[in-house]
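If you want the building blocks of each chain, they are given just below.
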Amino acid sequence: MLHLTMNGKINTETLKVCEVSISYRPKVKPSERPVIRNSQDIYRLLTDSRVFSPDTIEHREFFKAVLLNRAGRALGVMHISEGGISETVVDIRHIMQGAILANASSLVLAHNHPAGNCTPSREDDTITQRVKQACTLFSIKVLDHLIITPYAYYSYADEGRIV
């Protein structure tokens, strides 16, 4: 590989870079994937399948994204972050990477509140809006954002806050 240096001379040194390889290996047949129709389906998927473990749901905050195909079938649940008792850092690029890699048409955001309060915080509202903005660029729809506890949940969609 040839390239010019700052002084205009040609450098014949080969540049070494890392190769990026991206893959997605579905392990469940499309017909066996759960269909998500509403917030109850999402809550059931996240709690019954132990995506949010009963052993840790009241211990620290976790943020997940449920990736869906055009038929509303779950392609998978992506672990986004794990934090402390009152917050977790959400990297929107990580969400988008997973959604694009899985060829998701839509997604649902979900996180728990270890203290057991389902009321969204200002930060919850902000991250919901920022993810929606990012998804718009890729024609991916954010269907809902659930805040869950072992006993109840709050749905942005049910409350008319996802448009």
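Our structure is the block above this text.
About the thresholds
Residues numbered from 1 in each chain as written. Predicted model: local features only at pLDDT ≥ 70, side-chain atom pairs only at ≥ 80, totals over all residues. Heavy atoms only, no water. Helix = DSSP H or I, 4+ residues; strand = E, 2+ residues; numbered from the N terminus. Buried < 20%, exposed > 50% of the residue type's maximum accessible area, 1.4 Å probe, protein only. Lys, Arg positive; Asp, Glu negative; His and termini not counted. Salt bridge = Lys/Arg side-chain N within 4 Å of Asp/Glu carboxyl O. Polar contact = N/O pair within 3.5 Å; in protein donor to acceptor, adjacent residues only side chain to side chain. Contact = heavy atoms within 4.5 Å. Phe/Tyr/Trp six-rings, centres within 6.5 Å; stacked < 30°, edge-to-face > 60°. Lys NZ or Arg CZ within 6 Å of the ring centre and 35° of its normal. Pairing = 2+ DSSP bridges. Axes fitted to C-alpha atoms, helices over the stretch in contact; angles between N-to-C directions.

(A) Looking closely at the side chain of K64. Relative to the helices and strands, K64 is located in strand β3 (residues 62–68). Despite being buried, K64 has no salt bridge partner; E82 is the closest side chain of opposite charge, sitting 7.2 Å away. A distance of 3.0 Å separates the side chain of K64 from the side chain of H79, its partner in a polar contact. When residues no more than four places from it in sequence are discounted, the contact partners of K64 are V51, F52, V77, M78, H79, I80, V108, L109 and A110.

(B) The arrangement of unusual backbone geometry in detail. You will see that N103, though not glycine, has its phi angle at about 55°, which is positive. Here N103 is to be found in the loop between α2 (92–101) and β5 (106–112). The class of N103 is exposed, set by a relative accessible area of 64%. Although it is not a glycine, S139 adopts a positive phi angle of roughly 55°.

(C) Inspection of the environment of S106 at higher detail. Locating S106 in the fold gives a position in strand β5. Sequence-distant contacts of S106, that is, excluding residues within four places in its chain, are made with V66, L67, L68, N69, I140, K141 and L143.

(D) Representation of the packing of aromatic side chains. Tallied over the full model, the rule gives two aromatic pairs. For the pair Y154 and Y156, a centre-to-centre distance of 5.5 Å together with 90° between the ring planes defines the contact as edge-to-face. Across the pair, Y156 and Y154 agree in class, each one buried. One residue, K64, lies across the ring of F52, its end atom 5.8 Å from the ring centre.

(E) Representation of the pattern of salt bridges within the structure. On inspection of all chains with the given rule, the structure shows five salt bridges. Among the salt bridges present, the one from R44 reaches D41, with a minimum N-O distance of 3.2 Å. Linking R44 with D41, this pair stays in helix α1 (residues 39–48), spanning three residues, or about one helical turn. Of the charged contacts in the structure, one is a salt bridge between E82 and R60, with a shortest N-O distance of 2.9 Å. With a gap of 22 residues between them, E82 in strand β4 (residues 74–82) and R60 in the loop between α1 and β3 connect regions that are remote in the sequence. What makes R60 partly exposed here is its relative accessible area of 31%. Because the salt bridges share partners, they merge into one network encompassing R37, D41 and R44.

(F) Expanded view of the sheet that holds strand β6 (residues 141–148). The sheet built from five strands is open, its strands ordered β4-β3-β5-β6-β7 with mixed pairing. Each of the sheet's edge strands pairs with one partner strand only, and the pair in question is β4 and β7 (153–155). The mean inter-strand angle of the sheet, taken between neighbouring strand axes irrespective of direction, is 20°. Two strands pair when backbone bridges link them, and β3 and β4 are joined in this way by seven bridges, in the antiparallel orientation. Along β4, the bridge assignment pairs L68 with A74. Relative to β6, α1 is tilted by about 60°, and along the sheet it contacts β3, β4, β5, β6 and β7. On the sheet, α2 packs against β3, β4 and β5 and is oriented at approximately 160° with respect to β4.

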